[in-house]
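Chain and residue survey
What follows is each chain in one-letter form.
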Amino acid sequence: MTGFNANIVVGFLLLAPLTAGWLSLLINGSRWLHVINLISIGTLIGAEGFIARAVFSQGSVTAFADIVYVDALSSVILFIIGTVGLACSLYMRSYMDEQVARGVIAPKRLSLFFFLFHMFLLAMVLATVANSLGVQWVAIEGTTLATTFLIAFWRRRESLEAGWKYLILCSVGISLALFGVVLMYYSSLRVLGDVSSALNITQLQQVASQLDPHILKLAFVFLFVGYGTKVGLVPMHSWLPDAYTEAPAPVAAMLAGVLETVAVYAILRCRGIADQALSSDFTGGLLALFGLISFALAAFFILLQHNYKRLFAYSSIEHMGLAMVGFGVGGPLGTFGGLFHLINHAFAKSLAFFAAGNIHRRFRTVEIDQVRGLIAVLPWSALALLISGLALTALPPFALFASEMQIITALSSSGLPGEWSEPVTRLPVVLLLFCSVVAFAGFLYRITGMVWGPAPNDVAHGERWSMGHIPIILLGAVLAGFCFALPASLRRLIEMASTLLLSR
Amino acid sequence: MPWLTPHIATQIVDFSSAMLLLTCFGIVAQRRLSACVDLFALQSLFLAMTAALVAFLTGTPHIYIAAALTVVVKVIVIPRVLKGVIERLNVTRELVMKINVPASLLICGALVMIAFFITQPIIPFGHLLTRDSLAIALAIVLIGFFTMISRQKAVTQLIAFLVMENGLFLGATAATYGMPLIVELGVFFDVLVAALIAGIYTNRLQDAFDSVDTSRLTKLKE
């Protein structure tokens, strides 16, 4: 392709958050911090667009002497990082400024916030474009380190507790993943010999079928448990509700929308390699089983919540579980549904956390019982909450309905993969449908209670228009629109990515 | 060196990996926090020795770099940081334990057996020199994991995390004669930053809770 230099474009992709992060440390004054932030995100999205175009024409892009490798799957993830990142940046303008004005944080700490935010972005982009599984691991551990202080940013007791829990649980989980990476390297060295590229995805994919199945099985289990902790799959999820509740709303949106997706991406990458040596029933069975457990347990935990941010957190676990079921069952429909579900969930969940952030700022409480009459107090946020709530319960006309239907159809037509399918063919589908009804009822009951009813008198009414409303409206429109018409280029990208995941 | 037959070389590497495992048991049995830090530093020294031995015996120079980094980061810098934290916090002992020392040691013994059992099918594929070290590495990872669950002081949990990391590093050295250099540097960076961040956290936890006892972190419950 003429006029496309992979090194330059990828350089922009990585340098934008890096330079913006360090610049933020030097700058005081929120206006410039936001300007730099938006420029950085804009550059990121522009670079992503160029890369996606190259992926369309060439199938994949490599840069910096094979250190960077981008194909359709990573492009889908980059797309999610870019769009949710942009939405968060727009939302942060009013959100962070209000926190400063109110005296919750000192103006100086705003620089630190943006520094950490950009390092978080950088780590996620690096994890997505890294060719080497080792570098990918380093970047994912990097996301843990960058976000732990973002979660504990308010420095209350609860937030410190949540941040510590997150740091320890995720670091330990991800250490197990490193053992998996070591084992992967161990197996590939026996085939490739002593070369420094033996951890590269491009190399591993070529020789994957010759790798030793015993080692790969062990490696995949460790990788799955490690990155599964980051995804928040049951039973490694206990950090997740605390972290989402305590984190500032834009950070929670990034954690729920993007970080989980990146962790899923890491699992899918490893699976693509493991599948060629093992039967895909093993990896698929593992994914689908843990996905199903997460989905079912989270659905019941949704019923118990009296804190709306925790409600959203459990809904995240639920939807990630569902996407995992999609990937685990596989087939063109399940894989496409899984990827599409990741995108929709990222949009719906960030919308939900934006609404939650607005509500929290006005009502000063996260208790569902104390929030009443939102439609009168904050009409726009009430609308956002309703839309995200309806979308997250997978009602039509929202895109999550489409992707959830695809996954359920895939499951009911082919059943759970491997040895799990034989004795109980219909049970998983019944369980899935039953739990989604449970989640639907619990979720809508809570949300409608918040939206309607008499508004408390001690809360100011009315909502002033701010920059933070732009992403809310855009995300709502996109969620409704994607159900009817998926843009052709995005559809093609997802289709290419699912073909990649299926080819073995 | 004529006396250095492959058999003897294997024995030496096995011996120094076994010393790592031994220090692990020391950490599990030790209640005094500063002694735990010393034991961790000692373990890291053994790790560096093992890595240097493997580098020397196999003639892979880039493991020397990793060994040197281990000495700098894990024997000197991190123990100093931890000592500073302990001094500031004025806590010297782990008083309350969920599982007492003898029971912990028994459980760790069982973990070692499990580690050997898990790695049994894949050990024959390994390099002759270091193949038993892979089982020891997994044992260290599991013991670190267990210590993390069973102890309550933030500092001990941090040491347990670092012990896990040591086990992983031993695994990488043993199984594959070290990871690619870029990965190893990245891992060192992550570990160092994680240790520093955890150090800052213990200070903040102390300020907010007047304690680094993580069992007091109970504000967030269902």
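Residues numbered from 1 in each chain as written. Chains lettered and ligands numbered in written order. Predicted model: local features only at pLDDT ≥ 70, side-chain atom pairs only at ≥ 80, totals over all residues. Heavy atoms only, no water.

Digging into the overall build of chain A
The secondary structure content of chain A amounts to 19 helices and two strands. Since a compact globule built from 504 residues should have a radius of gyration of about 23 Å, the 22 Å found for chain A is in line with a globular shape. Each of the three principal axes of chain A carries a C-alpha extent, and together these read 70 × 55 × 45 Å. Every one of the 504 residues in chain A was classed for burial, and the buried ones make up 65%. Once local pairs closer than 6 in sequence are excluded, the contacts in chain A between residues at least 24 apart make up 81%. Of the roughly 16,300 Å² of accessible surface on chain A, a fraction of 65% belongs to carbon and sulfur atoms. A distance of 8 Å separates the average location of the 28 positive side-chain charges in chain A from that of its 24 negative side-chain charges. (Helix = DSSP H or I, 4+ residues; strand = E, 2+ residues; numbered from the N terminus. Rg over C-alpha atoms; globule rule 2.2 N^0.38 Å. Buried < 20%, exposed > 50% of the residue type's maximum accessible area, 1.4 Å probe, protein only. Contact = heavy atoms within 4.5 Å. Areas by Shrake-Rupley, 256 points an atom, 1.4 Å probe, with all protein chains shown as cover. Lys, Arg positive; Asp, Glu negative; His and termini not counted. Charge placed at Lys NZ, Arg CZ, Asp CG, Glu CD.)

Description of the interface of chain A and chain B
In this assembly, 47 residues from chain A lie in contact with 46 residues from chain B. For the chain A and chain B pair, buried surface summed over both sides reaches about 4,400 Å², with 76% attributable to carbon and sulfur atoms. When residues of chain A are sorted by the area they lose upon contact with chain B, E161, W164 and Y186 of chain A head the list and together hold 18% of the total. At the surface where chain A touches chain B, the tally comes to zero salt bridges. Where chain A packs against chain B, one counts three residue pairs in polar contact (both at pLDDT 80 or more). (Buried area = accessible area lost by both parts, 1.4 Å probe. Salt bridge = Lys/Arg side-chain N within 4 Å of Asp/Glu carboxyl O. Polar contact = N/O pair within 3.5 Å; in protein donor to acceptor, adjacent residues only side chain to side chain.)

Here's the deal with the layout of surface pockets
Space inside the largest pocket adds up to approximately 980 Å³. Contributing to the lining of the largest pocket are 34 residues, with M119, G142 and A146 of chain A together with F189 and V193 of chain B lying nearest its centre. Here the residues of the lining of the largest pocket are counted per class, giving 28 nonpolar, two polar and four charged. (1 Å grid on protein atoms, 1.4 Å probe; cavity = no way out; pocket = protein on both sides within 12 Å on 5 of 7 lines; lining within 4 Å. Points joined across faces, edges and corners; volume = space filled by probe spheres on them. Nonpolar A, V, L, I, M, F, W, Y, C, P; charged D, E, K, R; others polar.)

Details of the environment of M97 of chain B
Residues and elements named next belong to chain B. As for its placement among the helices and strands, M97 is situated in the loop between α3 (62-89) and α4 (101-119). Given a relative accessible area of 15%, M97 falls into the buried group. As for M97 and Q120, which are separated by 23 residues in sequence, their C-alpha atoms are 33 Å apart. When near neighbours in sequence (up to four residues on either side) are disregarded, M97 contacts R31 and R151.

Brief notes about the packing of aromatic side chains
All names here are of chain A. According to the stated counting rule, one finds 24 aromatic pairs over all chains in the structure shown. Where F79 meets F347, the ring centres are 6.3 Å apart and the plane angle is 65°; that geometry is what we call edge-to-face. Pair noted here: F79 is in helix α3 (residues 72-102) and F347 is in helix α13 (residues 331-363), with a separation of 268 residues, a long-range link. We classify F79 as partly exposed; its relative accessible area is 25%. Owing to a relative accessible area of 4%, F347 belongs among the buried residues under this scheme. Residues F113 and F114 carry aromatic rings whose centres are separated by 5.8 Å and whose planes lie at 90° to one another, so their mutual orientation is edge-to-face. Neither residue differs from the other here; F113 and F114 are each classed as buried. Three or more aromatic residues joined by ring pairs form one cluster here, namely Y166, W239, Y244, F312, F353 and F443. Taking NZ or CZ as reference, K217 lies 5.0 Å from the ring centre of F282, over its face. (Phe/Tyr/Trp six-rings, centres within 6.5 Å; stacked < 30°, edge-to-face > 60°. Lys NZ or Arg CZ within 6 Å of the ring centre and 35° of its normal.)

Re empty space enclosed by the protein
Applying the stated criterion across every chain yields a total of five cavities of 30 Å³ or more. Quantified by volume, the largest cavity comes out at close to 130 Å³. If you trace the largest cavity, you find 13 residues lining it, with L178 of chain A together with L168, F169, E184 and V187 of chain B closest to the centre. The element contributing the most residues to the lining of the largest cavity is helix α7 (residues 181-209) of chain B, with five residues. Residue composition of the lining of the largest cavity, grouped by class: 10 nonpolar, no polar and three charged. By volume, the second largest cavity is sized at about 50 Å³. Lining the second largest cavity are F295, E318, H319, L392, T393, A394, E404, S436, A439 and F440 of chain A.

Regarding the side chain of S24 of chain A
Assignment of secondary structure puts S24 of chain A in helix α1 (residues 6-26). Ignoring sequence-local partners within four residues, the contact set of S24 of chain A consists of L33, S111, F114, F115 and H118 of chain A.

Structural notes on the confidence of the model for chain A
Averaged over every residue, the pLDDT of chain A is 90; residues scoring 70 or more account for 97%. Between the elements of chain A, mean pLDDT differs from a low of 87, seen in helix α7 (residues 201-207) of chain A, to a high of 95, seen in helix α4 (residues 109-129) of chain A. (pLDDT = per-residue confidence, 0-100.)

Focus on the nonpolar core
Counting residues in hydrophobic clusters, the biggest one holds 277 residues, and the most contacted among them are L183 and Y227 of chain A. By residue number, the principal contributor to this core is helix α6 (residues 157-192) of chain A, which donates 20 residues. Leave out the neighbours within four places in its chain, and L183 of chain A touches I215, L218, A219 and F222 of chain A together with I122 and L134 of chain B. (Core = buried A, V, L, I, M, F, W, Y, C linked by side-chain atoms within 4.5 Å.)

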